[in-house]
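# Fold and geometry: a report
Listed here are the chains, written in short residue letters.
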Amino acid sequence: NWKVLKKSTTGTVIGSAYYSAVSRISISNFEHQMRLQKELNGGRWPKYKDYVANLKKFRIDLAKLPPWQYYAYDDRTGQLFVLEDPVKRAKLEGD
């Protein structure tokens, strides 16, 4: 069972807390691009492959997570989540 640890809460596609040191301009441009794509796509957020392509385009690197945590993108809401696998965490931490 996966547990949602964090999700973007900025009201936009991403929350800057999820990104390593990146200029605010790049993040702002990325968010703008995602909103434009949503408008051009009939109000639907871009799919995961487009999300990842935009991350690369704007040179935004996601912060490194522990091996039991993963990023997930919900193309229905445009939100980025951090998921945790508690079983894997317990196993890796030796509990």
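Preceding this paragraph is the structure being described.
Figured I'd write up the structure that's included with this text. (Residues numbered from 1 in each chain as written. Predicted model: local features only at pLDDT ≥ 70, side-chain atom pairs only at ≥ 80, totals over all residues. Heavy atoms only, no water.)

## Here we look at the pattern of salt bridges
Our working definition: Just to be clear on terms, a salt bridge is a Lys or Arg side-chain nitrogen sitting within 4 Å of an Asp or Glu carboxyl oxygen. Secondary structure is summarised from DSSP: a helix means a run of H or I of at least four residues, a strand means a run of E of at least two, and numbering begins at the N terminus for each.
In the structure shown here, the tally under the stated rule is four salt bridges. Measuring nitrogen to oxygen at the nearest pair gives 3.3 Å for the salt bridge that ties K47 to D75. A residue pair is termed long-range when its members are at least 10 positions apart, and K47 in the loop between α1 (24-40) and α2 (48-57) and D75 in the loop between β2 (69-74) and β3 (79-84) qualify at 28 residues. Between R89 and E93 there is a salt bridge, with the nearest N and O atoms lying 3.3 Å from each other.

## Let's talk about the environment of L65
Stated precisely, the cut-off is as follows: For every residue, the accessible area (1.4 Å probe, protein chains only) is compared with the maximum for its type, and the residue is labelled buried under 20%, exposed over 50%, or partly exposed between those bounds.
Within the secondary structure layout, L65 lies in the loop between α2 and β2. A residue is classified by how much of its surface remains accessible, and L65, at 22% relative accessible area, is partly exposed. Sequence-wise, L65 and V82 are 17 residues apart; in three dimensions their C-alpha atoms are separated by 8.8 Å.

## Some thoughts on the environment of N41
Position of N41 among the secondary structure elements: in the loop between α1 and α2. With relative accessibility at 32%, the residue N41 sits in the partly exposed group.

## Overview of the side chain of E84
Stated precisely, the cut-off is as follows: Each polar contact in these results corresponds to two N or O atoms within 3.5 Å; when the atoms are within protein, one needs to be able to donate a hydrogen and the other to accept it, and residues that are neighboring in sequence are counted only if both atoms are side-chain atoms.
As for its position among the elements, E84 is in strand β3. The class for E84 is buried, based on a relative accessible area of 4%. Engagement of the side chain of E84 in a polar contact is seen with the side chain of R89, the distance being 3.2 Å.

## Structural notes on unusual backbone geometry
Here the phi dihedral of R59 falls at roughly 55°; this positive angle occurs in a residue that is not glycine. Note that R59 resides in the loop between α2 and β2. The class of R59 is exposed, set by a relative accessible area of 72%.

## Examining the pairing of β2
What counts here: A pair of strands is labelled paired if DSSP reports no fewer than 2 bridges between them.
Where β2 and β3 come together, six bridges link them in antiparallel fashion. Each bridged residue has a counterpart across the sheet, and for D74 the counterpart in β3 is Q79. Hairpin geometry of β2 and β3 is characterised by an intervening segment of four residues between the two adjacent antiparallel strands and by a positive phi of about 75° at G78.

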